[in-house]
Structures are given as structure tokens and as C-alpha cells.
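Structural overview for review
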Amino acid sequence: MELEAPSPARYLVGAAIMMAGVVLPLAYMIFRSKRSPSSSAASAAGPSFSKQDQGPHLISPHLIRWKEASR
């Protein structure tokens, strides 16, 4: 069974789908995380956490036990 090479139009369609499905949502999430919450709606939604607040509690307890056991 032989397959033809995809046409340039098919490459452009695939690139557009990937941009809409992957690149744009990822860029939007990065943009949202970099912005500081300045609106009153963001402060009313709950406490905001800074980088210092996200310390060791993000580490899995299993990883901590594994580190202690490997000493």
C-alpha cells in the first residue's frame, strides 16, 4: 500500500489546528499566571498565593518518604 505525501495545504491545516488546540491555550494559561490579580473579583475569589507560599507542601508525601528511606 503506497501513501502520497501530504499537500502543503494539509500541513497548514494541521498547523492551524495545533495552534488553536495547544499553543494558544498554553500561552493564555502562562499569560494568566504571570499577571498579578489586580481586580476586585480576583481578591473576592479567595486568597492569592505567592511563590513563597508554594513551598514543600507541593512535594508528594511518597517522594519525601522515598528521600528519607534512601539516606
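Residues numbered from 1 in each chain as written. Predicted model: local features only at pLDDT ≥ 70, side-chain atom pairs only at ≥ 80, totals over all residues. Heavy atoms only, no water.

Examining the overall build of the protein chain
- Check the secondary structure of the protein chain and you find three helices and zero strands.
- The secondary structure elements of the protein chain, listed N-terminal to C-terminal, are α-α-α.
- Here the protein chain holds 71 residues, and the buried ones make up 0% of them.
- Summed over all atoms, the accessible surface of the protein chain reaches about 7000 Å², with 64% contributed by carbon and sulfur. (Helix = DSSP H or I, 4+ residues; strand = E, 2+ residues; numbered from the N terminus. Buried < 20%, exposed > 50% of the residue type's maximum accessible area, 1.4 Å probe, protein only. Areas by Shrake-Rupley, 256 points an atom, 1.4 Å probe, with all protein chains shown as cover.)

Considerations on a nonpolar patch on the surface
- On the surface, a cluster of nonpolar side chains totalling about 450 Å² of accessible area is made up of Met-18, Met-19, Val-22, Val-23 and Leu-24.
- Looking at the secondary structure, you find Met-18 in helix 1 (residues 8–34). (Patch = residues over 30% accessible without salt bridge, like charges linked within 9 Å, V, L, I, M, F, W, Y side chains within 5 Å. Salt bridge = Lys/Arg side-chain N within 4 Å of Asp/Glu carboxyl O.)

Quick look at the confidence of the model for the protein chain
- Residues at a pLDDT of 70 or more form 49% of the protein chain, whose mean pLDDT is 75.
- Mean pLDDT values over the elements of the protein chain span from 52, in helix 2 (residues 40–44), up to 93, in helix 1. (pLDDT = per-residue confidence, 0-100.)

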